[in-house]
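In case you want the letters, here they are:
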Amino acid sequence: MPKLLFIGDIVGRPGREIVAERVPKLRMDMGLDFVIANAENSAAGAGITGLIARSLLESGIDAITLGDHVWDQRGWETEISHFERVCRPANLPESCPGRDHVFVEAGGRRLAVFTVLGRQYLGMKAECPFRCADRMLERLGPLADTIVVEVHAEATSEKQALGWHLDGRVAAILGTHTHVPTADAAVLPRGSAFICDVGMTGPYASVLGREVKPVVERFFDGMPRRFEVATGDVRLSGALVILGPDGKRAEGIELVTVR
Ligand SMILES: [Fe+2]
Ligand SMILES: [Fe+2]
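So, here's what we can say about the structure. Numbers given for residues are sequential positions, taken from 1 along each chain in its written order. Written order determines the labels here, with chains lettered from A and ligands numbered from 1. Totals for whole chains, interfaces and linings use all residues, but because this is a predicted model, local features are given only for residues with pLDDT of at least 70 and pairs of side-chain atoms are given and counted only at 80 or more. Hydrogen atoms and water are omitted, and side-chain values are computed over all heavy atoms in the structure.

All right, on to the pairing of strand β5 (residues 102–106) then. For every residue, the accessible area obtained with a 1.4 Å probe (protein chains only) is divided by the maximum for its type, and the residue is called buried under 20%, exposed over 50%, and partly exposed between those limits. The helix count covers DSSP runs of H or I at least four residues long, the strand count covers runs of E at least two residues long, and both are numbered beginning at the N terminus. Taking every second residue as pointing to the same face, the buried face of β5 carries Val 102, Val 104 and Ala 106, while none of Phe 103 and Glu 105 on the other face is buried. Any two strands between which DSSP finds at least two bridges are classified as paired. Pairing of β5 with strand β6 (residues 109–117), which is carried by five bridges, proceeds in the antiparallel orientation. By the bridge assignment, Val 102 is partnered in β6 with Val 113. The turn linking β5 back onto β6 is made up of two residues, and Gly 107 within it adopts a positive phi angle of 55 degrees.

Next comes the structure, spelled out in structure tokens:
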């Protein structure tokens, strides 16, 4: 059965290093056909650069997705369109640069992945993720064997609602953004794999990947501070999805943690 590993938000250098170190071997050991990663925090915890995108793709990631931090690095908005295997959230305004989906081919199969941003507690100019996903499925359905939807959202309710809305129409609906892996991985009744959050890839001795002290202090006084990327307890976190024989739906999903 074809296998997909979807790696959660890569945070800073620690996240990039564990990806470069472990992904090539994971591909072999786990027999992975597709590896996708969200890299919205890969450049010092905020955004991505062309250099980083290139090196992640070279370390065995087939497709890179992004979230609300998509435009955090200056210059990326002019670079993104040069990358065929990088997409920005699909429900951003049409005028935004970059692709709204990526195709990956393996073993004669074609997988399409796209991201939708949630709208609860996320201040992006994003259209309705439900309507956007419906429209993307109409467009990509005839062009891909397998469709994977990343739900980059804050609220678990919004992620679950999107999961149920898309169940049976895609192979997987996988949550990102909150950086904390959740214990709800399951195949929904109509055959789509679902998890609220696949977790982040980076330092877990942290607050969402950042050094603990300045974050705690900011909760006391609300004053701005630099939140450097932390360094301790680095893990790679993601969801392993076992696809069905035709790739349209999933047979299984489990959380993967590599320390
Ligand atoms: Fe993130
Ligand atoms: Fe995010």
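Anyway, onward from the coordinates.
Coordinating donors are taken as N, O and S atoms within 2.8 Å of the metal, stretched to 3.2 Å for Na, K and Ca; because water is absent from the atoms, sites can appear incomplete. For the iron ion (ligand 1), the protein coordination sphere consists of Asp 9 (OD), Glu 40 (OE), Asn 41 (OD1) and His 179 (NE2), at 2.0 to 2.2 Å. In this structure, the iron ion (ligand 1) is surrounded by four donor atoms whose angles at the metal cover 87 to 169 degrees, and the resulting shape is irregular. Mapped onto the polypeptide sequence, the residues donating to the iron ion (ligand 1) form the spacing pattern D-x30-E-N-x137-H. All geometry calls rest on donor angles, where a four-donor set with angles between 85 and 135 degrees is tetrahedral, four- and six-donor sets with opposite donors more than 155 degrees apart and all others between 65 and 115 are square planar and octahedral, and all else is irregular.

Our next topic: the sheet that holds strand β10 (residues 193–195). Backbone-to-backbone hydrogen bonds join strands into a sheet, with any given pair of strands oriented parallel or antiparallel. Judged by pairing direction, the sheet is mixed, and its six strands sit side by side in the order β5-β6-β7-β8-β10-β9 without closing on themselves. The open sheet has two free edges, formed respectively by β5 and β9 (186–187), since each of these has just one partner strand. Pairing between strand β8 (residues 172–176) and β10: three bridges, direction parallel. Opposite Leu 174, over in β10, you have Ile 195 as the bridge partner. Only heavy atoms enter the contact rule, under which two residues are in contact if any of them lie within 4.5 Å. Here an angle of 0 to 180 degrees is reported between the N-to-C directions of two axes, which are lines fitted to C-alpha atoms, with helices fitted over the stretch in contact. Sitting on the sheet, helix α4 (residues 129–140) is in contact with β5, β6 and β7 (146–152), with an inclination near 160 degrees to β6. Relative to the sheet, helix α5 (residues 156–166) contacts β6, β7, β8 and β10, its axis offset from that of β8 by approximately 170 degrees.

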